[in-house]
Amino acid sequence: MRIRRAALADMPRMVEIEEQCFPEEAAFPPGMFAYLIKYAVTLVACDPPEQIVGFIAGYVSGRVGAIYTLDVHPLFRKRGTGSELIRALESELQSLGARAIRLEAAVANQEARGLYIRAGYQESELLRNYYGRQKHALRMWKLLEPGESHGPA
Ligand SMILES: CC(C)(COP(=O)(O)OP(=O)(O)OC[C@H]1O[C@@H](n2cnc3c(N)ncnc32)[C@H](O)[C@@H]1OP(=O)(O)O)[C@@H](O)C(=O)NCCC(=O)NCCS
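Model, not experiment: these values are computed from the prediction.

(A) Molecular detail of the overall build of the chain. Check the secondary structure of the chain and you find four helices and seven strands. Beginning at the N terminus, the succession of helices and strands in the chain can be written as β-α-α-β-β-β-α-β-α-β-β. Taking 15 Å as the expected radius of gyration for a compact globule of 153 residues, we find that the chain reaches 15 Å, a close match to that expectation. Dimensions of the chain along its principal axes, counting C-alpha atoms only, are 40 × 35 × 30 Å. Taking all 153 residues of the chain together, the buried fraction comes to 29%. Taking the intrachain contacts of the chain between residues at least 6 apart in sequence as the baseline, contacts between residues at least 24 apart amount to 59%.

Quick look at the structure:
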């Protein structure tokens with residue numbers, strides 16, 4: 001599997017995967033992907049030869065990075081793709097200056113919560129009705145190990 005930066009040409013496949021991952025009311029609108037590709041750090045995971053099987057997007061503000069979204073196509077799950085995308089984004093955000101990364105996951109999304117906990121994130125705060133009525137979220141944080149950073153000192 002190869003992980004690379006997303007390009008605008010990847011949008012249709014990303015929209016298709018988003019539709020497989022989230023119900024319509026929770027999915028990002030297609031236009032959001034153009035924004036994420038242009039202005040955020042968006043990475044896609046490709047199965048050889050060039051089929052996109054998942055993606056992740058995040059950004060950095062000062063010393064804090066954030067993960068916006070993580071999607072793996074249902075047919076390609078439980079092969080480590082989600083974990084690899086998290087590691088690759090962490091490395092990119094760290095090189096842009098992030099010392100810690102924050103994200104929100106639905107309380108009901110046990111799969112995502114387990115994945116993030118295994119990746120070193122800690123649940124820090126309950127965000128009531130974050131995704132709508134009675135759809136609570138957990139904020140999670142991970143402090144990045146000091147490492148090779150190419151960001152501002
Ligand atoms: C959450 C999500 C991204 C996980 O993606 P994934 O590619 O399946 O993640 P991984 O493969 O790294 O890990 C998932 C599981 O597969 C297991 N796994 C990894 N490699 C494996 C392998 N080679 N063989 C068997 N199992 C494996 C992991 O140990 C983990 O197991 P567990 O859940 O039983 O503990 C995916 O389910 C998804 O897209 N869900 C819908 C969207 C979503 O909820 N996104 C997160 C929003 S916060």
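Okay, back to it.
(B) Representation of unusual backbone geometry within the structure. Residues other than glycine seldom take positive phi values, yet Asn129 does so here, at roughly 55°. Here Asn129 lies in the loop between strand S6 (122–127) and strand S7 (137–143). A residue is classified by how many C-beta atoms lie within 10 Å of it, and Asn129, with 10 of them, is exposed. A positive phi angle is found at Gln134, which is not glycine, with a value near 65°.

(C) A look at the pairing of strand S2 (residues 41–47). Among the seven residues in S2, five count as buried, and that is most of the element. Across four bridges, the pairing between strand S1 (residues 2–5) and S2 is antiparallel. Its bridge partner being in S2, Arg2 is matched across the sheet by Cys46. In this structure, S2 lies alongside strand S3 (residues 51–61), joined through seven bridges in antiparallel fashion. Across the sheet, Val41 pairs through a bridge with Gly58, a residue of S3. Counted along the chain from S2 to the antiparallel partner S3, the turn is three residues long.

Cut-offs used in this document
Residues numbered from 1 in each chain as written. Predicted model: local features only at pLDDT ≥ 70, side-chain atom pairs only at ≥ 80, totals over all residues. Helix = DSSP H or I, 4+ residues; strand = E, 2+ residues; numbered from the N terminus. Rg over C-alpha atoms; globule rule 2.2 N^0.38 Å. Buried ≥ 20, exposed ≤ 12 C-beta atoms within 10 Å, placed from the backbone. Contact = placed C-beta atoms within 7 Å. Pairing = 2+ DSSP bridges.

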